[in-house]
Each structure stands twice: as structure tokens, then as C-alpha cells.
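Fold and contact review
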2 protein chains.
Amino acid sequence: MNLRIPGPTPCPPEVLEAMGRQMINHRGPEFRALLVNVLSRIKKIYQTEGEVLIFTCSGTGGMEAAIVNTMSPGDHVLSVTNGSFGDRFARIATEFGGQVIKLSFEWGDPVDHQAVSKALKDDPSIKLVLVTHNETSTGVTNDLEAVGAAVREQGRLLLVDAVSSLGAIDLPMDEWGCDVVVTGSQKSWMVPPGLAMVAVSKRAWKAVEEASSPRFYWDFRSMKRFQDNGETPFTPAISVYFALAAALDAMEKEGFANVVARHARVGAYTRNMVKGLGLSLFPNEDYASNTVTAIRAPEGVDVKSLLRTLREQHEVVLAGGQGKLDGRIFRVGHLGYVSEADIDVVREALRAVLPLEASKG
Amino acid sequence: MNLRIPGPTPCPPEVLEAMGRQMINHRGPEFRALLVNVLSRIKKIYQTEGEVLIFTCSGTGGMEAAIVNTMSPGDHVLSVTNGSFGDRFARIATEFGGQVIKLSFEWGDPVDHQAVSKALKDDPSIKLVLVTHNETSTGVTNDLEAVGAAVREQGRLLLVDAVSSLGAIDLPMDEWGCDVVVTGSQKSWMVPPGLAMVAVSKRAWKAVEEASSPRFYWDFRSMKRFQDNGETPFTPAISVYFALAAALDAMEKEGFANVVARHARVGAYTRNMVKGLGLSLFPNEDYASNTVTAIRAPEGVDVKSLLRTLREQHEVVLAGGQGKLDGRIFRVGHLGYVSEADIDVVREALRAVLPLEASKG
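As for the overall build of chain A
The helix and strand tally for chain A stands at twelve helices and 14 strands. Computed over its C-alpha atoms, the radius of gyration of chain A comes to 20 Å, within 12% of the 21 Å expected for a compact globule of 361 residues. Along the first, second and third principal axes, the C-alpha atoms of chain A reach 60 × 55 × 30 Å. Here chain A, with 361 residues, has 58% of them falling under the buried criterion.

Regarding the sheet that holds strand β4 (residues 99–104) of chain A
Residue and element names in this part refer to chain A. Ordered in space as β2-β10-β9-β8-β5-β3-β4, the seven strands form an open sheet in which the pairing is mixed. Each edge of the open sheet carries a strand with a single partner, namely β2 (51–56) and β4. Between one strand axis and the next, the sheet turns by 20 degrees as a mean value, whatever way the strands run. Pairing of strand β3 (residues 76–81) with β4, which is carried by six bridges, proceeds in the parallel orientation. Each bridged residue has a counterpart across the sheet, and for T81 the counterpart in β4 is S104.

Considerations on the pairing of strand β8 (residues 157–161) of chain B
Residues and elements named next belong to chain B. Among the five residues in β8, five count as buried, and that is most of the element. Direction of pairing for strand β5 (residues 126–132) relative to β8: parallel, over a ladder of five bridges. Within β8, the residue paired with L130 across the bridge is L159. Sheet analysis places β8 next to strand β9 (residues 180–184), joined by three bridges and oriented parallel. When the bridges of β9 are listed, L159 appears paired with V180.

Some details on the packing of helix α2 (residues 29–46) of chain B against helix α9 (residues 238–254) of chain B
Residues and elements named next belong to chain B. Where α2 contacts α9, the two axes come as close as 10 Å, and the packing angle between them is 45 degrees. Relative to α9, the element α2 lies oblique. Considering how the two elements wind past one another, α2 and α9 form a crossing that is left-handed. In this structure, α2 uses F31, L34, L35, N37, V38 and R41 to contact α9, whose residues at the interface are I238, Y241, L244, A245 and L248. Tallied by class, residues from the contact of α2 with α9 come to nine nonpolar, one polar and one charged.

What about the nonpolar core?
If you look at the biggest cluster of nonpolar residues, it comprises 246 residues, and the most contacted ones within it are V129(A), V181(A), V198(A), V129(B), V181(B) and V198(B). Those residues in contact with V181(A) that lie beyond four places of it in its chain are Y46(A), V160(A), A162(A), L166(A), L171(A), M173(A) and A199(A).

Considerations on the relation of the copies chain A and chain B
For the pair chain A and chain B, the relating rotation is 180 degrees, the translation along its axis is 0.0 Å, and the fit reaches an RMSD of 0.0 Å. Such values leave the two copies arranged in the relation of a two-fold axis.

What counts and how
Residues numbered from 1 in each chain as written. Chains lettered and ligands numbered in written order. Predicted model: local features only at pLDDT ≥ 70, side-chain atom pairs only at ≥ 80, totals over all residues. Helix = DSSP H or I, 4+ residues; strand = E, 2+ residues; numbered from the N terminus. Rg over C-alpha atoms; globule rule 2.2 N^0.38 Å. Buried ≥ 20, exposed ≤ 12 C-beta atoms within 10 Å, placed from the backbone. Pairing = 2+ DSSP bridges. Axes fitted to C-alpha atoms, helices over the stretch in contact; angles between N-to-C directions. Parallel < 35°, antiparallel > 145°, perpendicular 65-115°, else oblique. Left-handed = near helix turned anticlockwise from the far one by under 90°. Contact = placed C-beta atoms within 7 Å. Nonpolar A, V, L, I, M, F, W, Y, C, P; charged D, E, K, R; others polar. Core = buried A, V, L, I, M, F, W, Y, C linked by C-beta atoms within 7 Å. Least-squares fit on C-alpha atoms with pLDDT ≥ 70 in both.

Here's what the structure looks like:
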């Protein structure tokens, strides 16, 4: 199978081999060394002087952790959203009692940092800002640097969903003024799902101390206390840490700047493939993501049928649309363990299948 | 290494092989079939007509899920505890706003079901009862059947931490009147950490609908809705599901009654080994666990030094004591992938090391 969805992504052989290692004591010297090693290397990719905390959960678990550690019930929260994952971030804040003000943009368009700036100036009561770096549902990468500057200028806290960007798209967290940045092992990191990484700026720790939301499994304070001692409060998904160490080896061997450049190259290659097939990109191309490409379903083509035929007859697995884009778009993931050759396989499959599917319509 | 801690437990070769499988689409037919398969087989081990939900997290995540789905802030909760994990369950309920009444028993002793009965009769305001089936910190298996009967008679809801029992010790959940029962992949299931299984009785669903605690990642309702459709709300730790299917194959091949009998046999074998070495069991032997044995540190032996020597010179990894038992006991895990031969290795290592360690004291 050529798995080309925006996560889980395929894993390199050495990562899968690491997944198959025998268990170790999670409170012993071997795990301690593994944890210290992995944390210091991830920090470099975050480009942060803050703390990186690793939780056993999906990316959404990391987003919930970000909210409950920095927000108190009743806090005013600005949700800057242009897609399904931005909306999810807002729903989590609402569920935990945040007074969420939504600043929504058209799906497929980027968020407007000037509108963020205005919203914050107009409402000094807003404490937290939620934003999605790379909106997986629409294939848009937002200008996080500009959003970060707007939020920093107004002295608010910025929580970032970087689940499908970090590790593939440059995100110098401290330089851009981000406070809590969440990513997931099964995306750019070329590792199976099971771990969410959450970086916490020095500024954010003050909010962590002050927040009154109840938390136990997600508590940043106990996670930091244990990690400082080379452990985790609760049994971690050890195999995924093994895999992460192997994936970081591969990323460092390639060089992180080269990893980012490869994603930019493969992203452009995918968009050219789309246009070459006579298809239309869904998002505003100036903000098209280098990790996932959303494509408009051609007139008369049923997306479910298209995806099934691609999978069953060509062993190519793509993703459909989410929420209101269900049936209107399909998506190609190109993050992590990916090269132009993988996109060639997708092109050949689409070339074979699209006329057939259109004739069904 | 002979890893003999009470989880993570060693995994059989076929389980490790399954961990190394390539990723699949978590919203595709292959994962759907895997999930349906695994759920139906786990339900048989729970012996329940209720729902089994699987979360990507540690066992403690499953305990938090049990609390936030059935308890509202202010609810009166009876914590029946005789060890570190019972206390943890109470702390989670307290953190989420429960009014927790503690019914504590000596560490090493079992909980007294008659005291539970009396506490419930005396206080009709108690809505939930928390109990630990197998207290990993002391090596005690509580009489859950009797506790269940007491709670059922009084019409309250029973939440059970079965993290280190289910899959190795018989727990017919419906027959014993348990409402929410939590276990973890890295214990009796012979699988790496990353998944918590949570079974929910029909009675408990009413509480789930009524509970007002905020929840998103842990929400039983969305997990059930997605699982009914062969998916999970958020990206699951796919590799651990692969591994779980392989481990269930092994458990079914052995026969679940034989798995339980093997644990009883190896438990007794371990206790005899302890006595044969002139050591003392920590718990009341009538309630000694068949998955973990807690041993009193002999006079003059430093537990940290003992564990280090065992590991470094004999490749045997045992666990120390937790909380107030730190330095006073050490523990041998014998759950999951274990036989008498593993305990023989522990005996030989202890026989070699103990005189040496005692002479240091």
C-alpha cells in the first residue's frame, strides 16, 4: 500500500524495527537515557529554550493538555480558525469552560493576522489565542510568524496546533513568540501514533501555575517534575519512544534544513501534479501546505468511490474531506517519509482512475 | 534482561513482530476489521454484555476517563483503598471536584467488604465507589466479588481499577456487578504500553449521560459512537492494536481458563520461592496477588543497591516499593508472558546476590 493520507504516515524500516524492540523498565536507566536523548533532540527542532513534554496520547490529547494547563473556566479565548482542526481546538476550550470568541476565515483561505491584531486590541479581556499552524482539513499553512507577532505585541498567550507541521515545516517557536506548541508522533516525525509532544514557553509556565482547570493525566507540572528525573508520571508508550529516537537519527542524518526543503519540494511537486492532471487545488495556492494537498473533486466524481477504486485497484490510500468538505475534496498527505517517487505513484493511479470515475457520474 | 516488574511486561516474539508492522489508514477497512476483532475478543475476557472502549493512553488515563465520565463535581465518592493505586484513584476523583470519603485499610491487608457495606448504608449520599482489584503497590488482590455485591445491594456505581489483574485473574464483570472496569495493555495482556481498555456496564451509561464533568479526549459517548462505526475519534496507537490482536491469539490458543490457572500456579510458585529463600511476603498471604509479589527487604539490605546489583550483574529487573513502601519492600512481577522458568531465574539471582547485599549493611 502507498499510504498517502495526512497521518498516520508510513514509517522507515529502521523505525519499524525499533517499534519491535522488547520492553524495558520505564523507571530504569535505559528509559532515562532514551528520554533525555529524545527530549534534547526534539527541542532543537522546536528551536526553543522552553520545555518539551511528551504525553502518551494522540495529537488531540496534546491539544486538550495545552488548554487545561493554561486556561481557567471563564477565561476569554480567541479561536482563530480556518478549518476543522481550528474548530476542534475551539470546541475543547469551550468544553472546559472557556468563553470562546471565534474569528473564523473561509476554509481554504489563510487566517488574517491583522484581524487577529484588531480582535485583541478591541478586547483586552482575551487571555489566550488558539491557532492552527497547518490546517490539515484544507491544506493551508497559516502565517504563524505574523500571528505570533500580533499576539506577542498584545501580550497574550498563543497556543498552537502544529500537529501536521512541526518536523516538516520550519517553526522557530521562541522567535515567533509561541507559548504552547503541540505536535504528534504519527505526522512529520515518521513514527506510529501514540505520543504527543507539547512544548511550553517560559512565559506559559506562569499561566500553568495560575490556571484552575482540573487536570491529572495532562498535568504539565507533574510531567515536568518526572521528566526532570528521566521518567514520566504514568507508564509511557515505550515502543514509540524507541521509534522516535530512530526517526530523529534519520532526520539528523538528512539535516533538518534539508528535511524542510524536501517537504517544500515535494509539496510543489504535488501541486504541479494536481494541475498537470487538470485538477484544481482547494486552498489559496499562496498558502498551500507542504505537508498535505487538498484537491477539489471533479464534477461528477464521487469521492468515496474514487478513494475505494484507488485503494482496491492501485493500492494508493488517499483521504477524503472532513466536516463540510466531505464529498467535495480529497487529500494527499506528503509528510514525513516521502519523496517525489511516492507522488509519481499517486499521479499514475489518479491518471488511470479519474476518467473511469468521471464516466460513472 | 529478565524484566520482572509489574508492567511493562515482556512481550512474546509474535507480539513484537506485530508492533513492527507498517502503518495503515485509521479510517479505512483494515483498521475497522482490526478494531471489531479486538473488541469482541476483549469483551469475552471481561465477560460483559457492556461496551469495551479503548483509549490511547496509560492505565491512569483510563482511570481518569472512568471518573470524568461518571462523576459530576460535588458528587460524593467512596474511595476504598489499601495502597498507592487506590490512593491515586481517590486523588483523580478529588482533582475533578468529587467529595471523596476515604475508607482506607492497612497496606498489605485486603479491603473489608463489610466495612464498604456499612459505609454505604451509613451514607446514602455516596454515588460512586472506587476500588482497586489488584493493588500493584502491595501485591494484594481484593475480594472484588464481595465488594461488588455490597455496592450492588446498595444501588451505587462501582468503578474498578483492574489495570494489573484483568487478563490474568478472573473478573466476570457483569456477574460481580462492576460498572466501569479499567485495564492497561502493558500488564497481563503481554503488549507494550499505549492503550487502556475501559468496559462500561449498561447501568453506567446512565451516569455517563448525566455526569457534568467536562471531557473531550476521554468522552465515552464519542468513543462509543466512533467505535460503533469501526473508528476512534482521534488517531489511535495502531501498532498496539496490531500487537493486542497477536496477544489475544496467544491467549485464546492457551485458553483463558488456562491463562488464569497459569497465573495462579506461577503466583504460588513465586511465594514458595520467597519463603524458600528465607524471605517474608509483605501482604497477608490469603490475599497475595497472582500477578505481583511484594517481599519485605531483609534487615540491613538496601533495596536500591539490591535492585542495581540484580540488574547489573544478573540481568534481572525487579521493582522497588512505592510511596511509603519505598526502601521497605521489593516486588516481582509475574503477569502476562511468564512461566515458572522465569521465576527460577529470579531465585538464582536473589540467591547469589542477597548474602552479598546483606554483608554491605
